[in-house]
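One-letter residues, chain by chain:
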Amino acid sequence: MATTDRQATTLALAHALSAAERGLAVIPLSRSKLPALRSPHRDDPAPSPCHGACGRPGHGVYDASSDPDRIRELFAAAPRATGYGIACGLPPDHLIGLDLDVKTGTDSTAALRELALRHLFTIPPTVVVVTPSGGRHLWLSGPPEVVVPNSAGRLAPGIDIRGAGGYLVGPGSRTDQGVYAAAPGTAHLAPAPCPRSLLRLLLPPPRAHHLAPTAAGGHGQGLVQFVLAAHEGQRNTRLFWAACRAYEDGIGPALVDPLVVAALGTGLSEREARATIASAARMTGHRP
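Quick caveat: nothing in here was measured; it's all calculated off a predicted structure.

(A) Quick look at the overall build of the protein. Along its length, the protein carries eight helices and 10 strands. In terms of C-alpha radius of gyration, the protein reaches 21 Å, essentially the compact-globule figure of 19 Å for 288 residues. Across its three principal directions, the C-alpha atoms of the protein cover 70 × 45 × 30 Å. Excluding contacts between residues fewer than 6 apart, the proportion of contacts in the protein whose partners are at least 24 apart in sequence is 70%. Looking at the protein as shown, the accessible area adds up to about 14100 Å², and 55% of this sits on carbon and sulfur atoms. If you average the places of the 27 positive and of the 22 negative side-chain charges in the protein, the two averages end up 3 Å apart.

(B) Expanded view of the packing of aromatic side chains. Evaluation of the coordinates by the stated rule reveals one aromatic pair. The side chain of Arg 245 reaches across the aromatic face of Trp 241, ending 4.5 Å from its centre.

(C) Molecular detail of the pattern of salt bridges. If you walk through the whole model with that rule in mind, you get nine salt bridges. The residue Arg 274 makes a salt bridge to Asp 257 at a minimum N-O spacing of 3.2 Å. Taken together, the positions of Arg 274 in helix H8 (residues 270-283) and Asp 257 in helix H7 (residues 252-266) put the pair 17 residues apart, joining distant regions of the chain. For Asp 257, a relative accessible area of 46% translates into the label partly exposed. Put simply, Asp 99, Asp 160 and Arg 162 are held in one network by salt bridges that share partners.

(D) Representation of the nonpolar core in the model. Core analysis: the biggest nonpolar cluster contains 49 residues, and Ile 96 and Leu 259 have the highest contact counts within it. Apart from the residues within four sequence positions on either side, Leu 259 is in contact with Leu 223, Val 224, Val 227, Leu 239, Ala 242, Ala 243 and Ile 277. Counting residues in each nonpolar core, the second largest holds 31 residues, with Leu 17, Leu 24, Leu 29 and Ile 71 among its members.

(E) Examining the packing of helix H6 (residues 235-248) against H7 more closely. Contact geometry for H6 and H7: axes closest at 10 Å, N-to-C directions at 165°. Looking at the two axes, H6 sits roughly antiparallel to H7. The hand of the H6/H7 crossing is right-handed. Only Gly 252, Pro 253, Leu 255, Val 256, Leu 259, Ala 263 and Thr 266 of H7 make contact with H6, whose side of the interface consists of Arg 235, Leu 239, Ala 242, Ala 243, Ala 246 and Tyr 247. Per-class residue counts for the contact of H6 with H7 are 10 nonpolar, two polar and one charged.

(F) Layout of the packing of H6 against H8. Following both chains from N to C, one finds H6 and H8 inclined at 45°, their axes separated by 8 Å at the closest point. For the element pair H6 / H8, the angle class is oblique. Between H6 and H8 lies a crossing whose hand is right-handed. From H6, Asn 236, Leu 239, Phe 240, Ala 243, Cys 244 and Tyr 247 reach across to H8, where they touch Glu 272, Ala 273, Thr 276, Ile 277, Ser 279, Ala 280, Ala 281 and Met 283.

(G) Region of the structure containing H6. Under the 1.5 Å per step criterion, the end-to-end length of H6 is 20 Å for 14 residues, consistent within 8% with the ideal 20 Å. Counting buried positions over the 14 residues of H6 gives 12, a clear majority of the element. Gly 250 sits one or two residues past H6 and shows a positive phi near 80°.

(H) A look at the environment of Ile 123. As for its position among the elements, Ile 123 is in the loop between helix H3 (108-119) and strand S4 (128-130). As for Ile 123 and Leu 140, which are separated by 17 residues in sequence, their C-alpha atoms are 8.8 Å apart. Apart from residues lying up to four places away in sequence, Ile 123 is in contact with Leu 112, Leu 138, Leu 140 and Leu 198.

(I) Fine view of H7. Over its 15 residues, H7 runs 20 Å from end to end, which matches the ideal 21 Å to within 8%, given 1.5 Å per residue. The sharpest bend along H7 reaches about 30° and sits at Pro 258. All of the buried residues in H7 are Gly 252, Leu 255, Val 256, Leu 259, Val 260, Ala 262, Ala 263 and Thr 266. Among the residues trailing H7, Gly 267 stands out with phi positive, at a value near 110°.

(J) Fine view of the sheet that holds strand S8 (residues 167-169). Taken together, the three strands give an open sheet; going across it, the order is S1-S2-S8, and neighbouring strands pair in antiparallel fashion. Of all the strands in the sheet, just strand S1 (26-29) and S8 have a single pairing partner and so form its edges. Across the sheet, the mean angle from the axis of one strand to that of its neighbour is 35°, orientation sign disregarded. Where strand S2 (residues 83-87) lies against S8, three bridges are found, and the strand directions are antiparallel. Within S8, the residue paired with Ala 87 across the bridge is Tyr 167. Taken strand by strand, helix H2 (residues 68-76) contacts S1 and S2, and its axis lies near 15° from that of S1.

Cut-offs applied
Residues numbered from 1 in each chain as written. Predicted model: local features only at pLDDT ≥ 70, side-chain atom pairs only at ≥ 80, totals over all residues. Heavy atoms only, no water. Helix = DSSP H or I, 4+ residues; strand = E, 2+ residues; numbered from the N terminus. Rg over C-alpha atoms; globule rule 2.2 N^0.38 Å. Contact = heavy atoms within 4.5 Å. Areas by Shrake-Rupley, 256 points an atom, 1.4 Å probe, with all protein chains shown as cover. Lys, Arg positive; Asp, Glu negative; His and termini not counted. Charge placed at Lys NZ, Arg CZ, Asp CG, Glu CD. Phe/Tyr/Trp six-rings, centres within 6.5 Å; stacked < 30°, edge-to-face > 60°. Lys NZ or Arg CZ within 6 Å of the ring centre and 35° of its normal. Salt bridge = Lys/Arg side-chain N within 4 Å of Asp/Glu carboxyl O. Buried < 20%, exposed > 50% of the residue type's maximum accessible area, 1.4 Å probe, protein only. Core = buried A, V, L, I, M, F, W, Y, C linked by side-chain atoms within 4.5 Å. Axes fitted to C-alpha atoms, helices over the stretch in contact; angles between N-to-C directions. Parallel < 35°, antiparallel > 145°, perpendicular 65-115°, else oblique. Left-handed = near helix turned anticlockwise from the far one by under 90°. Nonpolar A, V, L, I, M, F, W, Y, C, P; charged D, E, K, R; others polar. Expected span 1.5 Å × (residues − 1). Bend = angle between axes of the 7 residues up to and from the residue. Pairing = 2+ DSSP bridges.

Okay, structure coming up:
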């Protein structure tokens, strides 16, 4: 059994290094699909998340790296690893994972097809990983200025989203349920760009606000307030979402400067803010 586990670890490391050659950041996983390295803070009286700032491994997806030497170090510290996870939301692909489950009693493939018909998008040819249960992971790439959150069942029953701070089990990983494998004909593909209308569905909905009139109307003030309410880690996402709504509603040009001012108030630079708004304009079919 020990020999088998060592072989599985060696194979997982080989697959992880292959993924790293494509620029993907990886971590070792156990057979349970959880990070294989235990937290160095597990015995702290009052542990606080440092996300790897302490310099020690064991911070889950925050350990993810595409550096071969670092990956070997992580696997050397995790001799029972039998798989690897691929971090989402990081350069160069800013990976977004659509996890189509089959264990919930719902037809997630049909649900995605219905969403595509309703919102007029098509999933382009991309990497597809088949799970041991018969589900599928679809790999898509997102714009660098957009932070897609993780979610479970919010898009549709049986469809989970792996975004920033999440990870996908890499093909070739061995788990208690079986082996993850790339679907035939997809392993050589790069993650396809996420369709614009699907990307908008993946972003968080705005909170309700008490609106005050502005030059762009009450709706415009609501979008500005939505950006102002952003916390660190969601500033670009909220700005991008608000700018998309503004352009779709015909008030984009009038709202550019108010949105920039709001973004500056959250800590973004003017350059970052204008680049994000320009990206939203292009995505909604307008000229920045």
